Amino acid sequence: MFYISIVVVLIFIVVVLKFLTKPSPKSLKSRHVVITGGSSGIGKAVAVLAARKGANVTIIARNIEKLEAAKKEIESQTANQIVTTISVDVSDKEAIEEKILEIEKSVGPVFMLVNCAGLAICGKLEEMTKKDINQLINVNLLGTIYPIQALLPRFKERQEGIVVLTGSVVSLMGLFGYSIYSSCKFALRGLAESLYQELKLYNVSVTLALPPDTDTPGFETENKSKPKETKLLSESGGLLAPEAVAQKLMDDALRGHFFSHVGLEGFIVTTLCIGMSPFCSLVDVAIEATLLGPLRLIAAFYVKHFEGIIFKCSMEKKNNQKKEE
Ligand SMILES: NC(=O)c1ccc[n+]([C@@H]2O[C@H](COP(=O)([O-])OP(=O)(O)OC[C@H]3O[C@@H](n4cnc5c(N)ncnc54)[C@H](OP(=O)(O)O)[C@@H]3O)[C@@H](O)[C@H]2O)c1
Ligand SMILES: *[C@@H]1O[C@H](CO)[C@@H](O)[C@H](O)[C@H]1NC(C)=O
Ligand SMILES: *[C@@H]1O[C@H](CO)[C@@H](O)[C@H](O)[C@H]1NC(C)=O
Ligand SMILES: *[C@@H]1O[C@H](CO)[C@@H](O)[C@H](O)[C@H]1NC(C)=O
C-alpha cells in the first residue's frame with residue numbers, strides 16, 4: 001500500500017512537472033510557411049493548418065492540377081494571406097534552390113519549412129527494381145536534403161526558423177517489405193539529429209515527424225505494392241486521419257520538440273529508440289530512463305510475434321504451392 005501511494009504521488013509530480021515545463025507554441029501569424037508535398041495527404045493537411053494559423057503558405061509538388069485543387073482548399077481557410085504553388089521536383093537540387101529564392105522575393109522570408117514530399121514502394125528487397133530504389137532515395141532522402149540546404153543559410157542569417165522532416169515509424173524500426181523505404185527514413189533521423197546540433201546555436205529548431213499508417217492517397221498507392229506479411233505486421237497499428245497527424249506535427253514543431261510521434265504506439269516506439277536524440281526537458285529524460293528497460297521486454301515479445309507472423313505466411317505459401325502441384 002505504502003509503495004503504491006509513493007508511485008502514485010511520483011506519477012502525479014511527473015505529470016504536473018510535464019505540464020508546467022511545456023514550452024509555449026510559436027506563432028505563425030504573418031509568417032511564411034513552405035510545405036513540400038503540400039498538394040496531398042499529410043502535407044496538404046499541414047498546409048491547411050498553417051493557413052488557419054494566419055501564415056502565407058507555399059506548397060511544392062510536381063502535378064499542377066493537384067496543386068491548384070489544393071490551393072483552392074487552403075485558400076478557403078485563410079483570411080487574406082497568399083497561397084502560392086510551385087511545380088518542381090524536390091530531388092532537382094538546382095531547380096529547388098532557384099524556386100526557393102524566387103518565393104522569398106515574391107512572398108516573403110520563409111519561417112518554417114515542412115518536408116512532406118515522399119513516397120513508399122514496398123516489396124521484398126530482391127523484387128525492388130533499380131527505378132524503384134532510385135526514386136525512393138531521390139524523393140525521400142535527397143528531396144528532403146535539397147530544400148533544407150536551400151533555406152539553411154537564410155535561417156541562420158535571420159537567427160530564426162523551423163525545419164520539419166517527415167520520417168515514419170520505420171525511421172526507428174525495420175519492417176518486412178520496407179527495406180529501401182525504411183533505409184531512407186532511418187537516414188532522415190541521422191540527418192535530423194545532426195542538423196539539430198548544427199542549428200541549435202542559431203535559434204532554428206528541428207523536428208522529425210514519425211507518422212504511423214495514415215489514410216492518404218499515398219497510402220492507397222503504397223497498399224498496392226504491400227506484401228501480405230507487411231500488411232499483417234502493420235495491421236495492429238490501424239489507420240490515422242491525415243488531419244490528426246498534421247495537428248500533432250504542427251503542435252510539436254511549434255513547441256520545438258525534436259520528435260513528433262502520434263498515439264500510444266508512437267510514444268512507446270520512440271521511447272524505446274530514444275538513444276542519443278536531443279531532449280527538451282529533464283522530466284522527459286526521467287520518464288524515458290524509467291520506461292526503457294521494461295519497454296525492451298515488451299519489444300522482445302513483439303519481435304518474436306512478428307517473426308511468428310512471417311513464418312506462418314511462408315508455411316501458408318508452401319502449402320498452397322503443394323496443393324497446386
Ligand atoms: N501515409 C502514410 O501512411 C505515411 C506514414 C508514415 C510516413 N509517411 C510520410 O509522410 C509523407 C507524406 O505522405 P502522404 O501519405 O501524405 O503522401 P501523398 O498523399 O502521396 O502525398 C505526397 C506529396 O508529395 C508530392 N511529391 C511526391 N514526389 C515528389 C517529388 N519528386 N517532387 C515534389 N513533390 C513530390 C506529391 O505531389 P506530386 O506527386 O504531384 O509531386 C504529393 O503532394 C511522406 O514522406 C511519407 O513517406 C506517410
Ligand atoms: C504575407 O503576405 C502579405 C500579403 O501579401 C504580405 O504583406 C507579407 O509581407 C507576407 N509576409 C510574409 C512573412 O510572407
Ligand atoms: C528565436 O526565434 C523566435 C521565433 O522562432 C523569435 O521569436 C525569438 O526572438 C528568437 N530569439 C533570438 C534570441 O533570436
Ligand atoms: C489495402 O488493401 C487491402 C487488400 O489487399 C484492402 O482490403 C484494404 O482496404 C486496402 N486499404 C486501403 C486503405 O486502401
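Structure: see above.
Treat the numbers as computed from the prediction; the structure is a model and nothing was measured.

**Student:** Quick question: what am I supposed to make of the packing of aromatic side chains here?
**Tutor:** The geometry of an aromatic ring pair is captured by two quantities: the separation of the ring centres and the angle between the planes. Evaluation of the coordinates by the stated rule reveals five aromatic pairs. An angle of 80 degrees between the planes, with centres 5.6 Å apart, marks the rings of F301 and Y302 as edge-to-face. Classification of Y302 by relative accessible area gives partly exposed; the value is 37%. Three or more aromatic residues link up through ring pairs in this structure, and these residues are Y196, F258 and F259. Positioned over the ring face of F111 is R31, at 3.8 Å from the centre of the ring. One residue, K156, lies across the ring of Y202, its end atom 4.8 Å from the ring centre.

**Student:** Where do I start with the site of ligand 4 in this structure?
**Tutor:** Around ligand 4 sit F219, E220, N223, K231 and L239, and those are all the residues in its vicinity. The contact in question runs from an oxygen atom of ligand 4 to an N or O atom on the side chain of N223, over 2.5 Å. In the environment of ligand 4, an oxygen atom lies 2.6 Å from a nitrogen or oxygen atom belonging to the side chain of K231. Protein chains bury 39% of the 370 Å² of accessible surface belonging to ligand 4 in isolation.

**Student:** Would you take a moment to explain the nonpolar core for this structure?
**Tutor:** The nonpolar side chains of a soluble globular protein tend to be buried, and buried together. Counting 35 residues, the largest nonpolar core has L165 and V206 as its most contacted members. In terms of residue count, helix 5 (residues 130–158) provides more of this core than any other element does, seven residues in total. With sequence-adjacent residues up to four places away left out, V206 is seen in contact with V163, L165, A192, L195, Y196, L199, H257 and F258. Residues L28, V46, V114 and M250 belong to the second largest nonpolar core, which totals 32 residues.

**Student:** It is not clear to me how a nonpolar patch on the surface should be interpreted in this structure. Could you clarify?
**Tutor:** On the surface, F2, Y3, I6, V9, L10, F12, I13, V16, L17, F19 and L20 cluster together into a nonpolar patch covering about 1,200 Å² of accessible area. For Y3, the position within the fold is in helix 1 (residues 2–20). On the basis of relative accessibility, which here comes to 66%, the residue Y3 falls in the exposed class.

**Student:** What is the right way to look at the site of ligand 3 in this model?
**Tutor:** Close contacts around ligand 3 come from K26, R31, F111, Q159, E160 and N203, and that covers them all. At a separation of 3.5 Å, an oxygen atom of ligand 3 approaches a polar side-chain atom of K26. Between N203 and ligand 3, the recorded distance is 2.4 Å, taken from a side-chain N or O atom to an oxygen atom. If ligand 3 stood free it would expose 370 Å²; the protein chains cover 46% of that surface. For the shell around ligand 3, a count of residues per class yields one nonpolar, two polar and three charged.

Calculation criteria
Residues numbered from 1 in each chain as written. Chains lettered and ligands numbered in written order. Predicted model: local features only at pLDDT ≥ 70, side-chain atom pairs only at ≥ 80, totals over all residues. Heavy atoms only, no water. Phe/Tyr/Trp six-rings, centres within 6.5 Å; stacked < 30°, edge-to-face > 60°. Buried < 20%, exposed > 50% of the residue type's maximum accessible area, 1.4 Å probe, protein only. Lys NZ or Arg CZ within 6 Å of the ring centre and 35° of its normal. Near = heavy atom within 4 Å. Polar contact = N/O pair within 3.5 Å; in protein donor to acceptor, adjacent residues only side chain to side chain. Areas by Shrake-Rupley, 256 points an atom, 1.4 Å probe, with all protein chains shown as cover. Core = buried A, V, L, I, M, F, W, Y, C linked by side-chain atoms within 4.5 Å. Helix = DSSP H or I, 4+ residues; strand = E, 2+ residues; numbered from the N terminus. Contact = heavy atoms within 4.5 Å. Patch = residues over 30% accessible without salt bridge, like charges linked within 9 Å, V, L, I, M, F, W, Y side chains within 5 Å. Salt bridge = Lys/Arg side-chain N within 4 Å of Asp/Glu carboxyl O. Nonpolar A, V, L, I, M, F, W, Y, C, P; charged D, E, K, R; others polar.

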